[in-house]
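So you can see what is in the structure, the chains are spelled out below.
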Amino acid sequence: MAKALTVVLLLLSALRPAIGIKLDGNGYTDILIAINPAVPESEELLNQIKGMITSGSEYLLQALDNMVFFKEVKILVPPTWNGIYEKAKRETYDKANVIIDRPNTAFGDEPYTKQIKGCGEEGEHIHFTPNFLLNNNLLNAYGPRGRVFVHEWAHLRWGVFDEYNEKQPFYWSDRQQIEPTRCTREISGQWYEVINGNILPCRNDPQSGLPTEGCQFFPDREQKTNASIMYMQSLDSVKTFCQDRDHNAEAPNLQNEKCDNKATRTVIFQNSVDKDALRTLTPLQSQPPSPTFRVMKRGSRVVCLILDVSGSMQGERILRLQQAASLFLSEIVEEGAQVGIVKFSTGADTVSPLTKIEGKASRDSLIRKLPTTADGSTNMCNGLKLGFEVLKKDDGGTKGDDVIFLTDGEASDRVEDCLQLAVDSGAIINTIALGPSASSVLITMANLTDGKFIVADQKLLSNQLVDAFSSFTMSDGNPTNQTIQLVSTGKTTADWFNGTVPIDRTVGNGTTFTVIYERSTPTVYIESPSGQLYNQTHISENTATKTITLNIPGTAEAGDWKYRFLNRKAPAQTMTLTVTSRAARDDVSPVIVTAQMNQQSSDGSKPMLVYAEVSQNYMPVLGAKVMATLESDTGHSEHLYLLDNGAGADVKKDDGIYSRYFTKLLTGRYSLKVQVAQQNAMSFTPSRYSGALYTPGYIVDGKVELNPQKPPINVQSADVGNFTRTATGESFVVKVPPGVPLPNFPPNKITDLSAEILEDTVLLNWTAPGEDFDQGTAKFYEIRWSKHLEVLQNNFSNSNILNTSAIQPLEAGSAEQHSFLPDISIHNGTTLFFAVRSEDKDAMKSEVSNIAQATKFVPSPRPPTISKQGLNLTAIVVSVCVVTIGVCIIAAVTVWAMKRKEVSVEVGAMT
């Protein structure tokens, strides 16, 4: 009983990751900053990073009422740097909260934060460039680096969004005024257009009445307001986040769109990951200490395979282990790494001491030593302890080393001792649960040591164990060194297993076709795009592991590779194909696919979200066909096509993040596999991620002072060509409490509602939700409107309603477009607000959508130029009338003068 309780407590503790930002009292710790290998070694860069965080800590303390500050920061430098640094423990590049890397080609040196989740949820990472940190030419436009860091920190930690909008920098307010898109209207300034260095008054678009593209807002350098950091942190007076009393809920920015028109500070204290802690913290009465910094470096990879060979692993399972581990050793683990192998059952034995990977011979030697037999009980601690002894042979310790730990059974020993040993080791322990009986301790062990947990079955057709081992690549920030899985597929057949593998232009080196068969050796035909045929004479076969391998010499030819495998002997047998490759050249980043869930455990009460990112060198790859397969160890499986449409589960359209809700939650441990395929795919310049606003200049003593212009960005979409990718994400657990019925979810919230007024008609557009979140088809739409945003926001059900009886909702993901005639006269300058709520067949209602606004503007013959902020529609109309009257008077005077001249001429002629 005590043992069971201990395991339960440890499982609960696993909900908190070993690596990740923590709030320790009033101070944030475990902030990880990683420098990309492409960045040259620089002591000055390290000093600038430290200076940015130190000044940012003081700014953050002031911004949140002396409650929080930055306490401890780790800086991970590249393995190629030569200085003397602390050895990294579990810190790796792909876990960094902040990365220092070359510019994103679409954004240049602009700081930004990658956010793929919703309001109040933590972002992925902040991106700074060395140039931004080392040169001062951008500081006036963005503000001091510490202020910029706090702006990005709010995106990263608290999941708030920007309060400006570069695509819609101005809008019509409900007071019939043109306003800059900002949090608070208290920030004063002027509007100008800079053309060839000349500062000119802004012009109006005759169709919308808003300033034309190129018009920019120049704030006064001296301001009376102290808000808001998420709008313009560069202003000296700005020292706080926007509060309810300051908040401009009308502004068409992402903060309002994604956070239900809430103020930034409200989200931080009510919706963020720190909401509970912030409510209980008391302000510091004295200045906290400056942040402490630990600069560390990882060495070459040192990994030990700790493999279960107990009695339950006999037969098919031990064969699958051999096949998957062989592929890992031959193709996945990188050159220069050191690999050891340990097997365990009742006891434990060293299969191979640490061996440096130096070419094919060393890989083949390790493969030949893989265990082939199984018996005995499952003693996890014996295997783990011996594995650590093997890892110590390189430097006397296990800190920062890797473990791949595989078992198919429950532990027969004191697992709590193993867990403490694992945590204290400093090693990253990745665990594989082979089959439904594998110990739940594997989840806890992976979480407490910041490793991956993956479930797999022994079925050859699923190829899950091969996929699991293929996912254990080491990310150091240089994707050209990484082995990429292109294809993982299989078929049970009595004759042919055919297909096509596109090798795109971003990969080709080290390309390997691996065929695993069930009983008898198939005949192999693999044909290159130019017609070169590879057959039995070109392959290598391991009959013990029933594996055939074809290594393509040099760089594989780009194009479609055809494969045909013939099963000559009946009855039918299963065959699988795994294709791996690496970057074609060191200077060409390959297309990379990563997959993840929004959380690693669920009680079934809320839907989970699936994410897959398809990118090339930070650039999103659009138009891909992305399918996620989620399969539990109890036999439940789901196939979901993921979307990048900016609706439902997807936060941002066309950012290369494909998303979907997972709603059919049954108890089990689930694997996650994503397969991506596309013909003639393109990588595109993304719209800007969340990031600090560039300020073009300031008004100082009534004059405009320009900041240095941002370097022009001219990124063209790249033709990636045909490609396929396979990625395995970390597994997750669904545990629905006993006796709780399966949940029935409402339609998902509509997040992309837009509105436009055309004469007296309102045109609304949105993406259709589903019956259960984004699955199926909703039954009914409820659309309401108001002249006042607050009314719609706070009292949706009592707002004006539109007649939607004629609307039949479309299938989830479809584009909805509908026009309406509101029951009022829409005059010039009228601003209306709209929101939608959908309903399913069981009368379950979705959340109210984002609030869309539209203004009716009647174009005037000669729209005036703009010379000051807050110009209202009445002023525009009056100015047009004044101009028109002036023109009429001038014309009348001219006509009168001409007539008088004519009369004078006639009188002169008569005399």
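Not measured: the values here are computed from a predicted model.

Student: Would you explain the overall build of the protein in this entry?
Tutor: The secondary structure content of the protein amounts to 17 helices and 48 strands. The C-alpha radius of gyration computed for the protein amounts to 32 Å, which stays within 12% of the reference 29 Å derived for 911 residues, consistent with globular compactness. Judged by the C-alpha coordinates and their principal axes, the protein covers about 130 × 65 × 60 Å. Buried residues in the protein amount to 56% of all 911 residues. Sequence-distant contacts in the protein: of pairs separated by 6 or more residues, those separated by 24 or more amount to 75%. For the protein, the exposed surface amounts to about 37800 Å²; the carbon and sulfur share of it is 51%. Separation between the mean location of the 85 positive side-chain charges and that of the 101 negative ones in the protein comes to 1 Å.

Student: Looking at this structure, how should I read empty space enclosed by the protein?
Tutor: To find leftover empty space, a probe the size of one water molecule is rolled over the atoms. Scanning the model with the defined rule gives three cavities of 30 Å³ or more in all. Each pocket or cavity is described by its volume, and for the largest cavity that value is around 100 Å³. Lining the largest cavity we find 15 residues, and of these Leu 643, Asn 645, Ala 647, Gly 648 and Asp 774 sit closest to its centre. Residues that form the lining of the largest cavity fall into these classes: six nonpolar, six polar and three charged. Computed from the structure, the second largest cavity encloses a volume of approximately 50 Å³. Looking at the lining of the second largest cavity, the elements with two or more residues in it are helix H10 (316-332) and helix H15 (464-470). At three residues, the largest contribution of residues to the lining of the second largest cavity is made by H15.

Student: Where do I start with the pattern of salt bridges in this structure?
Tutor: When the charged atoms of two side chains lie near each other, side chains of opposite charge can form a pair. On inspection of all chains with the given rule, the structure shows 41 salt bridges. Between Lys 71 and Asp 24 there is a salt bridge; the shortest N-O distance is 3.3 Å. One end of the pair, Lys 71, is in the loop between strand S4 (69-70) and strand S5 (72-77); the other, Asp 24, is in strand S1 (residues 22-24), and 47 residues separate them in sequence. For Asp 24, a relative accessible area of 43% puts it in the partly exposed group. The partner of Glu 631 in a salt bridge is Lys 459, and the shortest N-O contact between them spans 3.5 Å. On the criterion of sequence distance, the pair formed by Glu 631 in strand S35 (residues 625-632) and Lys 459 in the loop between strand S21 (453-456) and H15 is long-range, its members being 172 residues apart. Overall, the relative accessible area of 18% leaves Glu 631 in the buried class. What you see here is one network of salt bridges that share partners, running through Arg 175, Glu 179, Arg 182, Arg 185 and Glu 250.

Student: Sorry, what's going on with the sheet that holds strand S25 (residues 523-527) here?
Tutor: Taken together, the four strands give an open sheet; going across it, the order is S23-S29-S25-S26, and neighbouring strands pair in antiparallel fashion. Pairing within the sheet leaves two strands with one partner each, and these edge strands are strand S23 (496-503) and strand S26 (533-534).

Student: Explain the packing of H10 against helix H11 (residues 360-368) to me, please; I cannot follow it from the model alone.
Tutor: The axes of two packed helices give the description: the angle between them and the distance between them. At a closest axis distance of 9 Å, the pairing of H10 and H11 adopts a crossing angle of 170 degrees. The angle between H10 and H11 places the two elements in the roughly antiparallel class. On H11, the residues touching Ser 326, Leu 329, Ser 330 and Glu 331 of H10 are Arg 363, Leu 366 and Ile 367. Partitioned by chemical class, the residues of the contact of H10 with H11 number three nonpolar, two polar and two charged.

Student: Would you explain the state of the cysteines in this entry?
Tutor: A covalent bond between the sulfur atoms of two cysteines is what we call a disulfide. Inspection of the entire model under this criterion finds four disulfides. Across a sulfur-sulfur distance of 1.6 Å, Cys 183 and Cys 242 are joined as a disulfide pair. The sign of the S-S torsion, about -50 degrees, decides the handedness of the disulfide formed by Cys 183 and Cys 242: left-handed. With Cys 183 in the loop between strand S11 (178-180) and strand S12 (189-195) and Cys 242 in the loop between helix H6 (229-232) and helix H7 (254-258), the pair connects residues that are 59 residues apart, well separated along the chain. Across a sulfur-sulfur distance of 1.6 Å, Cys 381 and Cys 418 are joined as a disulfide pair. Of this pair, Cys 381 sits in helix H12 (residues 380-391) while Cys 418 sits in helix H13 (residues 415-425); the two residues are 37 residues apart in sequence, bridging distant segments of the chain. Here Cys 381 matches Cys 418 in class, with each residue buried. Taken N- to C-terminal, the disulfide-bonded cysteines of the protein are connected 1-6, 2-5, 3-4, 7-8. With no disulfide of its own, Cys 304 lies 14 Å from the sulfur of Cys 418, the closest cysteine sulfur.

Student: Help me understand the sheet that holds strand S20 (residues 428-434), please; the structure alone is not making it clear to me.
Tutor: By way of backbone hydrogen bonds, the strands of a sheet pair with one another, either parallel or antiparallel. Here six strands make up an open sheet; going across it, the order is S18-S17-S16-S19-S20-S21 and the pairing mixed. In this open sheet, the two edge strands, each paired with only one partner strand, are strand S18 (348-356) and S21. If you compare each strand with its neighbour and ignore which way they point, the axes differ by 15 degrees on average. Sheet strands touched by helix H14 (residues 441-448): strand S19 (402-407), S20 and S21. Its angle to S20, the strand with the most contacts, is close to 160 degrees.

Student: Is there a simple way to think about the packing of aromatic side chains in this case?
Tutor: Two descriptors summarise a pair of aromatic rings, namely the distance from one centre to the other and the angle between the planes of the rings. Scanning the model with the defined rule gives 29 aromatic pairs in all. A ring pair is formed by Phe 128 and Phe 132, whose centres lie 5.7 Å apart and whose planes are at 20 degrees; its orientation type is stacked. For Phe 132, a relative accessible area of 1% gives the class buried. Aromatic rings pair up to connect Tyr 28, Phe 70, Phe 128, Phe 132, Tyr 142, Phe 149, Trp 153 and Tyr 694 into one cluster. Over the face of the ring belonging to Tyr 698 we find Arg 221, whose NZ or CZ atom lies 4.0 Å from the ring centre.

Student: What am I meant to see in the confidence of the model for the protein here?
Tutor: Parts of the prediction with low pLDDT should not have their coordinates interpreted in detail. Residues of the protein with pLDDT of at least 70 account for 91%, and the chain-wide mean is 90. The model gives residues 863-911 a pLDDT under 50, and that stretch makes 52 contacts with residues more than four places away or in other chains.

Student: Hey, could you run me through the environment of Ala 612 in this one?
Tutor: Looking at the secondary structure, you find Ala 612 in strand S33 (residues 608-616). According to the relative accessible area criterion, Ala 612 is buried, its value standing at 0%. Along the chain, Ala 612 and Ser 659 lie 47 residues apart, while their C-alpha atoms are 6.5 Å from each other. If near-sequence neighbours (up to four positions away) are discounted, Ala 612 is found in contact with Thr 594, Ala 595, Val 626, Leu 642, Gly 656, Ile 657, Tyr 658 and Val 674.

Basis of the calculations
- Residues numbered from 1 in each chain as written.
- Predicted model: local features only at pLDDT ≥ 70, side-chain atom pairs only at ≥ 80, totals over all residues.
- Heavy atoms only, no water.
- Helix = DSSP H or I, 4+ residues; strand = E, 2+ residues; numbered from the N terminus.
- Rg over C-alpha atoms; globule rule 2.2 N^0.38 Å.
- Buried < 20%, exposed > 50% of the residue type's maximum accessible area, 1.4 Å probe, protein only.
- Contact = heavy atoms within 4.5 Å.
- Areas by Shrake-Rupley, 256 points an atom, 1.4 Å probe, with all protein chains shown as cover.
- Lys, Arg positive; Asp, Glu negative; His and termini not counted.
- Charge placed at Lys NZ, Arg CZ, Asp CG, Glu CD.
- 1 Å grid on protein atoms, 1.4 Å probe; cavity = no way out; pocket = protein on both sides within 12 Å on 5 of 7 lines; lining within 4 Å.
- Points joined across faces, edges and corners; volume = space filled by probe spheres on them.
- Nonpolar A, V, L, I, M, F, W, Y, C, P; charged D, E, K, R; others polar.
- Salt bridge = Lys/Arg side-chain N within 4 Å of Asp/Glu carboxyl O.
- Pairing = 2+ DSSP bridges.
- Axes fitted to C-alpha atoms, helices over the stretch in contact; angles between N-to-C directions.
- Parallel < 35°, antiparallel > 145°, perpendicular 65-115°, else oblique.
- Disulfide = S-S within 2.5 Å.
- Phe/Tyr/Trp six-rings, centres within 6.5 Å; stacked < 30°, edge-to-face > 60°.
- Lys NZ or Arg CZ within 6 Å of the ring centre and 35° of its normal.
- pLDDT = per-residue confidence, 0-100.

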